[in-house]
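This is what each chain is made of:
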Number of protein chains: 2
Amino acid sequence: MTDPQGSSGETLLFLTDEQLRQGAEAMFFAYRGFTADPDRILAGLSYGRAHHRALHFIHAAPGTTVNNLLNTLGVTKQSLNRVLRTMVEDGLVESRVGRNDRRERHLHLTEAGDTLERQLSNAQRARMRAAYKQAGPEAVAGFRKVLESMMDPEMRRQYQRLREGRG
Amino acid sequence: MTDPQGSSGETLLFLTDEQLRQGAEAMFFAYRGFTADPDRILAGLSYGRAHHRALHFIHAAPGTTVNNLLNTLGVTKQSLNRVLRTMVEDGLVESRVGRNDRRERHLHLTEAGDTLERQLSNAQRARMRAAYKQAGPEAVAGFRKVLESMMDPEMRRQYQRLREGRG
DNA sequence: CTTGGAATGTCAACAAGGCTGACTTAAACT
DNA sequence: AGTTTAAGTCAGCCTTGTTGACATTCCAAG
């Protein structure tokens, strides 16, 4: 509200309630943009955002178990199971009984699943690529830094584990 | 995928599919953190995230009309109306007939509404404040820049109008 | 070896919150 | 007077979240 450009010093500049409020609104509007393109594609098919998320993380960690995926997505078993079941029925996802522990199901994308995943993430990446390009490399580094600081510790661990698993 | 650390130059460094994929995952996990605290509060009451969003934007633009709010939130009349009706009934929101145009309803928070809004946004801001502090002022500037670039043009206009109305 | 508990996944039923479409009411505009 | 606009409502649908009960499998203690 007052002191928009920091006569009271660098440190406080970004910590006024008004600055934080704007950050929250930016998150809200940006997240809508972030999901808009894949949502548009999915609207045509009989799938939703939940399917996209599952596809994404199965692609990111092939062979992951249902339980793993549950924790990553932060939803309950049934919520995931419904989504998963339709995609198994439709031949996008394969669910293989674990060799060591036969209670587990290991999830993999079929070729069709991989194709849809790529289509969705391509749409999403196109927007991110444009945003990154427009904002510049330094801004992107800051973007990533703040996002990471905003995660719950548990999520941050998941996030970093995924990164490490790919390089 | 290939070229993870940019032998092909600064410009491409942030535009590999892998970098963009990580950005998408960061958005996903961060948004969960972003909504986690208010969601926890709301779980106790009989309200949800939809109520929080309405409260936030009515607080941000007191006297806004239903149509305005509709566009800001990006939902349909019925969807908003359900949420709004319960909050009017519960005495959190007041709906006043327009003076100039008596078809319009101008929305305001009651004292109770303001109290709840503050409680929710305090929780949310606490996390953002911590994240901002940890990431530092430069990172925050980049964060805001990328988020803004990620919005649809229509949303960006809304976002900027809200900022101007206050800052 | 058996048995009881823990882990994993599946199914049934329900709730929140999106959506469309049709319709009403009131007020404003032309 | 007739049209358009803002808001509200009803009915009904879909996705995606929830809890609770259940089946299967593993493992460890007796």
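Residues numbered from 1 in each chain as written. Chains lettered and ligands numbered in written order. Predicted model: local features only at pLDDT ≥ 70, side-chain atom pairs only at ≥ 80, totals over all residues. Heavy atoms only, no water.

Caption draft 1: Spotlight on the UniProt feature "domain: HTH marR-type" (unreviewed entry) in chain A. Those residues carrying the UniProt feature "domain: HTH marR-type" (unreviewed entry) are residues 17–152 of chain A in this numbering. Between the end C-alpha atoms of residues 17–152 of chain A there is a gap of 21 Å, over a span that is 74% helix and 7% strand. (UniProt positions renumbered as here; feature names shortened; annotations may be inferred. Helix = DSSP H or I, 4+ residues; strand = E, 2+ residues; numbered from the N terminus.)

Caption draft 2: Representation of the layout of surface pockets. Considering only enclosed or pocket space, the largest pocket measures out at about 550 Å³ in volume. Secondary structure elements with two or more residues in the lining of the largest pocket: α2 (17–44) and α3 (49–60) of chain A together with α2 (17–44) and α3 (49–60) of chain B. In terms of residues, the lining of the largest pocket owes the most to one element, α2(A), which gives 6 residues. Across the lining of the largest pocket, the residue classes break down as 10 nonpolar, 3 polar and 7 charged. (1 Å grid on protein atoms, 1.4 Å probe; cavity = no way out; pocket = protein on both sides within 12 Å on 5 of 7 lines; lining within 4 Å. Points joined across faces, edges and corners; volume = space filled by probe spheres on them. Nonpolar A, V, L, I, M, F, W, Y, C, P; charged D, E, K, R; others polar.)

Caption draft 3: Summary view of the protein's contact with DNA strand C. DNA strand C sits among 25 residues. The nearest are N81(A), R53(B), T76(B), Q78(B) and R82(B). Near the protein, meaning within 4 Å, the atoms of DNA strand C are sugar or phosphate in a fraction of 56%, with bases accounting for the rest. Note that a base oxygen of DNA strand C is positioned 2.6 Å from one of the side-chain N or O atoms of Q78(B). Contributions of two or more residues to the surface near DNA strand C are made by α4 (66–73) and α5 (77–89) of chain A together with α3 and α5 (77–89) of chain B. Tallied by class, residues from the surface near DNA strand C come to 3 nonpolar, 11 polar and 11 charged. (Near = heavy atom within 4 Å. Polar contact = N/O pair within 3.5 Å; in protein donor to acceptor, adjacent residues only side chain to side chain.)

Caption draft 4: Structural detail: the relation of the copies chain B and chain A. In screw terms, the move from chain B to chain A is a rotation of 179° and a rise of 0.1 Å along the axis, fitting with an RMSD of 0.3 Å. In short, the pair behaves as if placed about a two-fold rotation axis. It is F143(B) whose C-alpha, among those of chain B, lies nearest the rotation axis, at 1.9 Å. A symmetric contact is evident, with 97% of the interface residues of chain B recurring at the interface of chain A. (Least-squares fit on C-alpha atoms with pLDDT ≥ 70 in both. Contact = heavy atoms within 4.5 Å.)

Caption draft 5: A look at the environment of G113(A). All names here are of chain A. Locating G113 in the fold gives a position in helix α6 (residues 111–135). Overall, G113 belongs to the buried group, its relative accessible area being 0%. As for G113 and H59, which are separated by 54 residues in sequence, their C-alpha atoms are 8.9 Å apart. The contacts of G113, once residues within four sequence positions are left out, are L55 and L92. (Buried < 20%, exposed > 50% of the residue type's maximum accessible area, 1.4 Å probe, protein only.)

Caption draft 6: View of the interface of chain B and chain A. At the junction of the two partners, chain B supplies 64 residues and chain A supplies 64 residues. Each partner contributes to the roughly 6,800 Å² buried at the junction of chain B and chain A, and carbon and sulfur atoms together form 67% of this total. Looking only at chain B, the three residues that lose the most surface to chain A are R21(B), F29(B) and M150(B), adding up to 11% of its buried area. Note that D17(A) is salt-bridged to R125(B), the shortest N-O span being 3.5 Å. Inspection of the region where chain B meets chain A yields 19 residue pairs in polar contact (both at pLDDT 80 or more). When contributions to the side of chain B that touches chain A are tallied by element, the ones reaching two or more residues are α2, α3, α4 (66–73), α6 (111–135), α7 (137–150) and α8 (153–164) of chain B. Take the side of chain B that touches chain A: its biggest share by element is 19 residues, from α2(B). (Buried area = accessible area lost by both parts, 1.4 Å probe. Salt bridge = Lys/Arg side-chain N within 4 Å of Asp/Glu carboxyl O.)

Caption draft 7: Quick peek at the protein's contact with DNA strand D. Taken together, 24 residues sit near DNA strand D, with R49(A), R53(A), R82(A), K77(B) and R103(B) positioned nearest. Here DNA strand D approaches the protein such that, of its atoms within 4 Å, sugar and phosphate make up 61%. With respect to DNA strand D, the backbone of T76(A) contributes an N or O atom lying 2.7 Å from a phosphate oxygen. The contact in question runs from a phosphate oxygen of DNA strand D to an N or O atom on the side chain of R85(B), over 3.4 Å. Of the residues contributing to the surface near DNA strand D, the split by class is 3 nonpolar, 10 polar and 11 charged.

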